[in-house]
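Here is how the chains run, residue by residue.
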Amino acid sequence: MKAAVLFSGGKDSSLAAILLSTWYEVELNTFLFSQDTQINAVMEAARSLGFPHHVHEFRKELLGEIVDLIVREGFPNNAIQQVHREAIRDLSGDYEVIADGTRFGDRVPLLTDDEVRSFGDRLGCSYIRPLIGFPKKEVERLVSRFLIISYGETGEIQNGDYETEIRGELVKRGLSPESFFPPVHRQSLVTGRKP
């Protein structure tokens, strides 16, 4: 059976894909707000993992709605949650199993148990989080064993994280992303898979 993994090119979604590949035919799925967004590094990360990779574009209005929500609330958490829900809904038409790299201790995106059940009941798909029981220390231990990673701050490293395009839209509106997002947010990008 196929399993769609929401894929940013980072270590968590990559590790989730590797773990799931024991039981499923894994396909990586990256969502963008615009087809013009350059994700060559994400595509290379997918190739290095050896799984099929699909790129999707969100509905055109979503980026504006998400940035409006961030500006209105003054912080990005609920907006990021909304983007994540939208990605899962979009994939539910094509996959019975959808997964991501959410791990123990993550705060955003992190759907509630009721939301997870609701996806199964309403959309007919199983949404799973293979890393949810793994604290950061164990994720790092497994990542160091299986993956080659580069690190950088959001905007300095090219990955498929929702935040990059959202920050760009804030700048277009003349707003400082640092007014809404934490000043330091370390991102990861897979550059290879260890033998």
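Right above here is the structure, for reference.
Residues numbered from 1 in each chain as written. Predicted model: local features only at pLDDT ≥ 70, side-chain atom pairs only at ≥ 80, totals over all residues. Heavy atoms only, no water.

Enquirer: Summarise the packing of aromatic side chains; cite the residues concerned and give the values.
Expert: For any pair of aromatic rings, the description rests on two quantities: the centre-to-centre distance and the angle between the ring planes. Per the counting criterion, the structure on display carries 4 aromatic pairs. Plain terms: the ring middles of Phe31 and Phe58 are 4.9 Å apart, the flat faces sit at 25° to each other, and that makes the pair stacked. Pair noted here: Phe31 is in strand β2 (residues 25-32) and Phe58 is in the loop between β3 (53-57) and α3 (62-73), with a separation of 27 residues, a long-range link. There is no split in this pair, since Phe31 and Phe58 are both buried. Members of the aromatic cluster, each reached through a chain of ring pairs, are Phe31, Phe33, Phe58 and Tyr162. (Phe/Tyr/Trp six-rings, centres within 6.5 Å; stacked < 30°, edge-to-face > 60°. Helix = DSSP H or I, 4+ residues; strand = E, 2+ residues; numbered from the N terminus. Buried < 20%, exposed > 50% of the residue type's maximum accessible area, 1.4 Å probe, protein only.)

Enquirer: Give me the lowdown on the layout of surface pockets, citing residues and values where you can.
Expert: Reported here for the largest pocket is a volume of approximately 1,200 Å³. For the largest pocket, the lining is made up of 40 residues, of which Asp106, Val108, Pro109, Asp161 and His185 are closest to its centre. Secondary structure elements with two or more residues in the lining of the largest pocket: α1 (11-20), β2, α4 (77-92), α6 (136-146), α7 (162-172) and β7 (186-193). Its residues assigned to classes, the lining of the largest pocket comprises 14 nonpolar, 15 polar and 11 charged. Here the second largest pocket defines a volume of roughly 160 Å³. Lining of the second largest pocket is provided by Phe33, Ser34, Thr37, Leu63, Thr164, Glu165, Gly168, Glu169 and Lys172. Ranked by residue count, the leading element in the lining of the second largest pocket is α7, at 5 residues. By residue class, the composition of the lining of the second largest pocket is 2 nonpolar, 4 polar and 3 charged. (1 Å grid on protein atoms, 1.4 Å probe; cavity = no way out; pocket = protein on both sides within 12 Å on 5 of 7 lines; lining within 4 Å. Points joined across faces, edges and corners; volume = space filled by probe spheres on them. Nonpolar A, V, L, I, M, F, W, Y, C, P; charged D, E, K, R; others polar.)

Enquirer: So what's going on with α3? Residues and values would help.
Expert: Helix length check: α3, at 12 residues, gives a terminal C-alpha distance of 16 Å against a target of 16 Å (1.5 Å per residue), a fit within 8%. Listing the buried residues of α3 in full gives Leu62, Leu63, Ile66, Val67, Leu69 and Ile70. Down the axis of α3, the buried set is contained in an arc of 155°. They therefore lie on one face. At the C-terminal side of α3, Gly74 shows a positive phi close to 85°. (Expected span 1.5 Å × (residues − 1). Arc of directions from axis to C-beta.)

Enquirer: How would you summarise empty space enclosed by the protein if you had to cite specific residues and measurements?
Expert: Across all of its chains, the model carries 1 cavity of 30 Å³ or more by this definition. Taken together, Leu32, Thr37, Ile39, Asn159, Gly160, Asp161, Thr164 and Glu165 make up the full set of residues lining the largest cavity. Its residues assigned to classes, the lining of the largest cavity shows 2 nonpolar, 4 polar and 2 charged.

Enquirer: How would you explain the side chain of Glu163 if you had to name every residue and give the values?
Expert: Inspection of the secondary structure assignment puts Glu163 in helix α7. Residue Glu163 is classed as buried on the basis of its relative accessible area of 5%. One polar contact links Glu163 to Arg167, side chain to side chain, over a distance of 2.7 Å. Those residues in contact with Glu163 that sit more than four places away from it in its chain are Thr154, Phe181, His185 and Gln187. (Polar contact = N/O pair within 3.5 Å; in protein donor to acceptor, adjacent residues only side chain to side chain. Contact = heavy atoms within 4.5 Å.)

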